[in-house]
There are 4 protein chains.
Amino acid sequence: MSAKYSVILSNVGSCSDRYLTTGYEKPYSISELFERVSKIPQVGGVELIGTWHVTDNNVKEIKRHLDEYGLKLVSIIPDHFGQMKWKYGSFASKDGAIRDLAVAHTKEMIDAAVELGGNLISLWPGQDGYDYLFQADYIQERDWFAEGIKEVCTYRPDVKISLEYKVKEPRTHSYLSTVATSLLIAQEIGTDNIGVTIDFGHSLNAYETPAESVALLKKYGNKLFHVHMNDNYRHWDDDMIVGSVHTIETLEFFYWLKRTGYDGWLSIDQYPYREDGLEAVREGVNAMEDFVNLVDSISTGEIESLIRKGNSPEITAYLRKLLLSARS
Amino acid sequence: MSAKYSVILSNVGSCSDRYLTTGYEKPYSISELFERVSKIPQVGGVELIGTWHVTDNNVKEIKRHLDEYGLKLVSIIPDHFGQMKWKYGSFASKDGAIRDLAVAHTKEMIDAAVELGGNLISLWPGQDGYDYLFQADYIQERDWFAEGIKEVCTYRPDVKISLEYKVKEPRTHSYLSTVATSLLIAQEIGTDNIGVTIDFGHSLNAYETPAESVALLKKYGNKLFHVHMNDNYRHWDDDMIVGSVHTIETLEFFYWLKRTGYDGWLSIDQYPYREDGLEAVREGVNAMEDFVNLVDSISTGEIESLIRKGNSPEITAYLRKLLLSARS
Amino acid sequence: MSAKYSVILSNVGSCSDRYLTTGYEKPYSISELFERVSKIPQVGGVELIGTWHVTDNNVKEIKRHLDEYGLKLVSIIPDHFGQMKWKYGSFASKDGAIRDLAVAHTKEMIDAAVELGGNLISLWPGQDGYDYLFQADYIQERDWFAEGIKEVCTYRPDVKISLEYKVKEPRTHSYLSTVATSLLIAQEIGTDNIGVTIDFGHSLNAYETPAESVALLKKYGNKLFHVHMNDNYRHWDDDMIVGSVHTIETLEFFYWLKRTGYDGWLSIDQYPYREDGLEAVREGVNAMEDFVNLVDSISTGEIESLIRKGNSPEITAYLRKLLLSARS
Amino acid sequence: MSAKYSVILSNVGSCSDRYLTTGYEKPYSISELFERVSKIPQVGGVELIGTWHVTDNNVKEIKRHLDEYGLKLVSIIPDHFGQMKWKYGSFASKDGAIRDLAVAHTKEMIDAAVELGGNLISLWPGQDGYDYLFQADYIQERDWFAEGIKEVCTYRPDVKISLEYKVKEPRTHSYLSTVATSLLIAQEIGTDNIGVTIDFGHSLNAYETPAESVALLKKYGNKLFHVHMNDNYRHWDDDMIVGSVHTIETLEFFYWLKRTGYDGWLSIDQYPYREDGLEAVREGVNAMEDFVNLVDSISTGEIESLIRKGNSPEITAYLRKLLLSARS
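Note that the structure is predicted; figures quoted are calculated from it, not measured.

Looking at the overall build of chain A
Here is step 1: Looking only at helices and strands, chain A features eleven helices and ten strands.
Here is step 2: In terms of overall size, chain A behaves like a compact globule, its C-alpha atoms giving a radius of gyration of 20 Å where 328 residues would be expected to give roughly 20 Å.
Here is step 3: Taking the principal axes of the C-alpha coordinates as reference, chain A spans close to 60 × 45 × 40 Å.
Here is step 4: A burial count over chain A gives 72% of its 328 residues as buried.
Here is step 5: In the structure as shown, chain A presents an accessible area of about 9,600 Å², 48% of it carried by carbon and sulfur atoms.

Focus on the relation of the copies chain D and chain A
Here is step 1: Laying chain D over chain A is done by rotating through 180° and shifting 0.0 Å along the axis; what remains is an RMSD of 0.0 Å. Each copy turns onto its partner about a two-fold axis. Closest to the rotation axis within chain D is the C-alpha of Leu323(D), separated from it by 2.5 Å.
Here is step 2: When the interface residues of chain D are mapped onto chain A, 100% of them again lie at the interface, so the same face is used by both copies.

Looking at the interface of chain D and chain A
Here is step 1: Facing the 36 residues of chain D at the interface are 36 residues of chain A.
Here is step 2: Summing the contributions of chain D and of chain A, the shared interface buries around 3,100 Å²; its carbon and sulfur component is 60%.
Here is step 3: Between the two partners, chain D and chain A, sit four salt bridges.
Here is step 4: In this structure, the connection of chain D to chain A is made through eight residue pairs in polar contact (both at pLDDT 80 or more).
Here is step 5: Per element, the largest residue contribution to the side of chain D that touches chain A is ten residues, and it comes from helix 9 (residues 277-297) of chain D.

Quick word on the UniProt feature "domain: Xylose isomerase-like TIM barrel" (unreviewed entry) in chain A
Here is step 1: The UniProt entry lists residues 51-289 of chain A under the feature "domain: Xylose isomerase-like TIM barrel" (unreviewed entry), expressed in the numbering used here.
Here is step 2: As a span, residues 51-289 of chain A carries 43% helix and 15% strand, and end to end its C-alpha atoms are 31 Å apart.

Side note on the packing of helix 3 (residues 96-115) of chain B against helix 4 (residues 138-155) of chain B
Residues and elements named next belong to chain B.
Here is step 1: One way to put it is that helix 3 packs onto helix 4 with a least axis distance of 10 Å and a crossing angle of 25°. Between helix 3 and helix 4, the crossing angle belongs to the class labelled roughly parallel. As helix 3 runs across helix 4, the sense of the crossing is right-handed. Taken together, the residues of helix 4 that come into contact with helix 3 (itself represented by Arg99, Val103, Thr106, Lys107, Ile110 and Asp111) are Trp144, Gly148, Glu151, Val152 and Tyr155.

Comments concerning the relation of the copies chain A and chain B
Here is step 1: The transformation that overlays chain A on chain B combines an axial shift of 0.0 Å with a rotation of 180°, and the residual RMSD is 0.0 Å.
Here is step 2: A shared interface surface links the copies, since 100% of the contact residues of chain A are contact residues in chain B too.

A word on the packing of aromatic side chains
Here is step 1: Under the criterion given, the structure shown has 64 aromatic pairs over all chains.
Here is step 2: Ring geometry for Phe81(A) versus Trp124(A): centroids 4.9 Å apart, planes at 50°, classification tilted. Linking Phe81(A) in the loop between strand 3 (72-77) and helix 3 (96-115) with Trp124(A) in the loop between strand 4 (120-123) and strand 5 (129-130), this pair joins segments that are 43 residues apart in sequence.
Here is step 3: For Trp124(A), a relative accessible area of 8% gives the class buried.
Here is step 4: Measuring from ring centre to ring centre gives 5.9 Å for Phe254(A) and Phe291(A), while their planes differ by 10°; the resulting arrangement is stacked. One end of the pair, Phe254(A), is in helix 8 (residues 247-259); the other, Phe291(A), is in helix 9 (residues 277-297), with 37 residues separating them in the sequence.
Here is step 5: Of the residues examined, Phe291(A) reaches a relative accessible area of 2% and is grouped as buried.
Here is step 6: Each residue in the set Tyr19(A), Tyr24(C), Trp52(C), Phe81(C), Trp124(C), Tyr271(C) and Tyr273(C) is aromatic and connected to the rest through ring pairs, giving one cluster.
Here is step 7: Here the guanidinium or amino end of Arg259(A) rests over the ring plane of Trp256(A), the centre of that ring lying 4.4 Å away.
Here is step 8: Above the face of the Trp144(D) ring, Arg99(D) is positioned so that its terminal group lies 3.8 Å from the ring centre.

Things to note about the interface of chain A and chain B
Here is step 1: Listed as interface residues are 52 residues of chain A and, on the opposing side, 52 residues of chain B.
Here is step 2: The contact between chain A and chain B buries some 4,700 Å² in all, and 64% of this surface belongs to carbon and sulfur atoms.
Here is step 3: It is Phe134(A), Leu184(A) and Tyr207(A) that lose the most area in chain A upon contact with chain B, and together they represent 19% of the buried surface on that side.
Here is step 4: Across the chain A-chain B interface, the total number found is eight salt bridges.
Here is step 5: The salt bridge involving Lys219(B) is made with Glu188(A); its shortest N-O contact spans 2.6 Å.
Here is step 6: Every element with two or more residues in the side of chain A that touches chain B is listed here: helix 4 (138-155), helix 5 (179-189), helix 7 (210-219), helix 8, helix 10 (300-309) and helix 11 (312-324) of chain A.

The rules we used
- Residues numbered from 1 in each chain as written.
- Chains lettered and ligands numbered in written order.
- Predicted model: local features only at pLDDT ≥ 70, side-chain atom pairs only at ≥ 80, totals over all residues.
- Heavy atoms only, no water.
- Helix = DSSP H or I, 4+ residues; strand = E, 2+ residues; numbered from the N terminus.
- Rg over C-alpha atoms; globule rule 2.2 N^0.38 Å.
- Buried < 20%, exposed > 50% of the residue type's maximum accessible area, 1.4 Å probe, protein only.
- Areas by Shrake-Rupley, 256 points an atom, 1.4 Å probe, with all protein chains shown as cover.
- Least-squares fit on C-alpha atoms with pLDDT ≥ 70 in both.
- Contact = heavy atoms within 4.5 Å.
- Buried area = accessible area lost by both parts, 1.4 Å probe.
- Salt bridge = Lys/Arg side-chain N within 4 Å of Asp/Glu carboxyl O.
- Polar contact = N/O pair within 3.5 Å; in protein donor to acceptor, adjacent residues only side chain to side chain.
- UniProt positions renumbered as here; feature names shortened; annotations may be inferred.
- Axes fitted to C-alpha atoms, helices over the stretch in contact; angles between N-to-C directions.
- Parallel < 35°, antiparallel > 145°, perpendicular 65-115°, else oblique.
- Left-handed = near helix turned anticlockwise from the far one by under 90°.
- Phe/Tyr/Trp six-rings, centres within 6.5 Å; stacked < 30°, edge-to-face > 60°.
- Lys NZ or Arg CZ within 6 Å of the ring centre and 35° of its normal.

Shown next, in the form of structure tokens:
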């Protein structure tokens with residue numbers, strides 16, 4: 001499979017959590033972040049976050065950085081999660097003025113993306129959802145959500161809008177929770193330019209098998225638009241280095257990307273709280289590359305035959321020999 | 001809200017698990033099970049399971065039992081899970097002959113239901129899914145699944161086919177996993193007589209908020225056809241007595257049933273491994289009745305205003321006063 | 001049961017998460033936080049966090065605040081989690097210099113607590129643990145952990161050191177993970193002044209039944225020293241308002257506090273990301289008070305008889321009548 | 001590391017679950033089960049289950065089978081879970097007569113083990129726990145539990161009693177829930193012959209890192225007496241083939257077995273619901289052997305250096321190269 005590797009810009013920087021809000025390491029400037037990304041040879045593109053990296057005013061400056069390092073703009077992730085105003089939601093906020101702001105900011109980021117040579121918006125409306133029982137009008141708020149998404153989808157049909165689902169965090173329950181919920185919304189919107197981002201870890205969190213989520217998106221309209229890679233221990237979005245926990249799930253995921261003809265970017269989305277961000281991303285990219293190579297090295301005929309039979313001792317034996325054969 | 005209470009017939013009997021396959025109590029005959037159900041005054045109907053309760057040959061006998069106790073047939077749950085032949089799936093089996101049997105058995109049960117005065121099939125294809133990674137062709141098998149379901153939906157348009165989703169067990173991963181997956185399939189089939197059964201506990205297992213699942217089914221085509229009630233500790237389908245763990249989720253669920261105008265049956269689906277089945281069901285029904293009464297006693301205006309504002313300390317205070325005010 | 005209510009000072013303020021590091025609301029000064037606490041009439045004491053609230057230099061200022069509002073110092077929680085230096089652990093850090101700092105800071109906080117009229121340190125070594133597989137020498141690091149704790153326990157035998165366990169976050173795996181792990185460590189240390197803090201939500205996260213954790217601490221040396229109250233959806237430390245999700249678990253927890261003669265503080269430990277902190281704490285305290293009153297209002301003889309028999313339909317019926325009887 | 005492989009006899013047979021109580025395959029006789037085990041060349045011993053395999057009356061027959069195939073008796077697992085009488089518990093039952101039966105059956109199995117040349121009882125008191133809130137006197141029942149265990153430990157000090165913990169199933173909550181709970185009980189009993197069985201999957205279910213559980217048992221008295229191997233998706237005891245999901249956790253587990261000098265048996269404990277039991281066990285044993293070989297092939301110095309530094313990108317890179325280097 002041909003593979004294009006990218007990274008969310010902030011991933012090579014420092015991270016905060018709720019206990020250490022000023023960060024586990026000193027912060028990096030945007031130009032430092034770009035420079036750090038440039039040190040990973042396989043990386044050909046970056047994803048930028050609204051407000052954090054891209055604003056109305058700095059598009060030219062960002063363009064210079066991209067040009068300087070020969071990086072493509074893979075996507076912009078509009079900021080629907082990192083400001084006080086979104087605390088009760090963005091597209092699904094109970095406050096109509098906030099909903100308007102969510103749409104307006106997205107349109108700005110669409111324009112910025114086009115100006116920067118991109119054609120993909122990875123939308124993560126993380127504040128849209130609820131925390132408490134009896135707190136939400138699930139029908140009304142989901143209707144508002146779909147209306148807003150529809151408006152940004154029709155704004156520029158040549159720009160893809162890719163919905164990144166996540167079952168929870170920062171809200172205890174998200175509206176855009178699973179791959180199937182995302183497909184329901186995509187069908188509701190009905191435009192060609194709406195699709196879905198699979199974040200590998202989010203898929204695990206929802207007790208999905210990530211490879212099966214790839215298949216679902218293929219089956220229901222070829223809607224896999226983008227991929228975010230990381231790993232975790234299933235129960236929470238730990239955002240760890242690719243392949244550090246789920247060897248076989250990751251392998252099957254890459255196998256199905258190839259099987260379904262995915263030709264988009266493979267983008268790192270890790271949160272290296274305590275690691276050096278650059279080293280963590282470098283290793284994540286190396287891992288993606290090795291998974292891609294491993295997928296390419298194995299016999300499709302053999303794997304397809306295993307899948308067709310479905311005999312688990314044979315499948316397990318095959319994977320064991322692939323992964324465990326002691327090195328000489 | 002007007003409420004109709006029912007029970008799955010085997011619920012008043014004895015239960016097995018994988019360690020005690022002969023059951024935690026002596027088994028009951030079908031006529032004993034009917035007699036036991038008849039002792040719970042609020043119960044007006046029963047659900048029967050294919051093979052276990054209904055076969056091609058005993059429809060008349062079943063009819064006699066229903067008549068004797070004045071019970072309605074609420075649904076038949078065809079047996080797609082309790083025989084060796086389904087071990088690798090029913091509608092989604094890799095074996096075409098098995099897929100045919102799955103359809104044929106369902107049609108038989110549709111006929112039996114009509115003969116018994118029913119118009120609802122609650123379909124739980126629990127063996128359709130997979131256990132191991134690299135074991136399934138997720139696209140092909142889901143296509144087969146949809147084809148089979150479509151065939152039974154078109155067999156008799158006057159009989160409702162209601163899909164009961166569950167994220168896992170007996171397979172480690174089910175195809176019909178969540179409310180949103182069920183809706184995708186329902187839209188794929190596209191007939192009027194396809195809908196969804198919410199099993200309260202299954203909804204919790206999938207990290208759904210059950211009330212939100214009611215809302216989703218309302219929003220996407222008014223597709224809530226049936227309800228199974230029980231409770232659990234979220235991580236597994238413990239099938240405990242209604243209301244024994246999740247007081248507020250259960251209350252919110254009944255509130256949304258009323259709010260969305262649900263007028264189907266409220267059916268007990270518990271597995272009283274160690275309890276006397278009759279006593280456990282009696283208490284489950286009493287609990288449903290008290291939740292219904294509580295929902296009817298509270299001011300809709302007040303609740304709607306809380307939902308509209310979404311202020312959680314106010315919501316929590318309201319629920320606290322409703323539930324905790326010490327009795328004199 | 002006699003009950004003493006307190007709160008962690010920062011709970012009435014504003015909260016951050018990893019996406020909104022500057023907070024969901026404007027920050028409050030320490031004196032504003034004290035003033036806000038004083039508006040909740042039932043609250044008689046506060047818990048303070050090292051660095052955030054108490055430093056070597058501001059003990060007198062803190063004393064003034066306590067005196068002004070007639071609040072007791074319930075505990076100090078030393079800061080072993082909120083500074084860059086702890087990023088790889090405090091008591092169990094691989095770096096001996098950091099381990100020494102963890103001990104030294106704790107001793108300073110012990111001295112500060114005594115000066116402020118307190119006798120309890122609630123220790124939450126949240127950074128002690130690991131994130132990745134093959135990252136930790138579990139034996140060596142646990143030995144270091146125990147050594148450090150022992151040193152602070154022997155520093156001032158008249159000050160209680162209470163270990164607050166939590167299964168994960170901020171690390172993916174904590175050393176002080178469960179009530180039983182905490183007891184193992186307490187037995188290893190062996191001093192009279194070591195005990196355990198149950199955080200209700202942390203207990204749920206570890207699939208403990210919080211009431212059973214109270215019982216375990218009673219059985220193994222009467223080691224329940226302190227209680228932090230909140231609620232969540234079991235899978236993560238959502239730090240929600242007391243009683244907002246788990247009505248029956250919370251009731252059983254308070255029942256066992258009374259049954260085992262707990263006479264310490266009941267302290268709010270919520271994270272009101274989007275709520276007004278004061279209103280959320282006020283409601284949390286009201287909830288604790290109502291649970292205490294409900295426990296006091298019910299017949300101990302009746303409950304004890306239910307526990308002795310263990311018949312779940314009877315138990316569930318009892319709780320249903322207690323909680324659901326529609327108000328007139 | 002020197003490794004001894006064994007299997008629980010029933011693992012090569014057929015399995016039931018609660019939906020298919022008569023089994024997913026035809027049942028095998030005891031002599032057939034022995035014959036099937038004998039076909040796996042690396043297996044040198046078997047574990048037998050009370051009632052299911054060993055009774056008072058068939059010890060001589062069992063001896064003949066062991067001799068015929070040159071198999072050692074690795075352990076007996078007394079039956080405290082598979083009969084109606086244990087439905088409310090065995091050692092911790094509220095009924096004193098049942099508690100006596102639990103002790104008496106264990107003593108019989110101890111005698112049988114000795115007669116069969118064994119010196120290990122793997123005790124899995126799966127019914128000791130509770131399902132519902134307010135159902136148990138956690139202190140009293142844990143006291144009874146410890147009393148019973150103590151009695152069987154003192155019966156024959158030359159026979160090891162190894163406690164197999166599991167967080168739930170068949171009860172929603174087990175008393176013997178985690179490695180730390182087991183250690184608390186072992187310390188409470190205080191005899192030399194009490195220890196702990198780690199079931200790899202049970203450890204995952206409790207959000208333990210299995211390698212860390214090995215370390216905990218080493219640290220607190222060298223108490224790892226026995227190992228049961230399988231795999232699962234973390235949330236439930238799926239009892240899948242060894243290594244089929246958690247490659248790295250399994251590798252780290254074997255590494256720590258070697259590091260701590262474990263010299264007991266490595267025993268398969270799988271539930272091949274749909275697989276041929278013999279093929280599933282054969283593959284499980286092959287997997288254990290490959291993990292052992294891989295552990296022996298890697299440089300201890302390198303791994304220890306990685307653990308000492310704890311730098312996760314380096315650790316992940318090491319494991320990636322070990323596992324993913326595409327085969328030529």
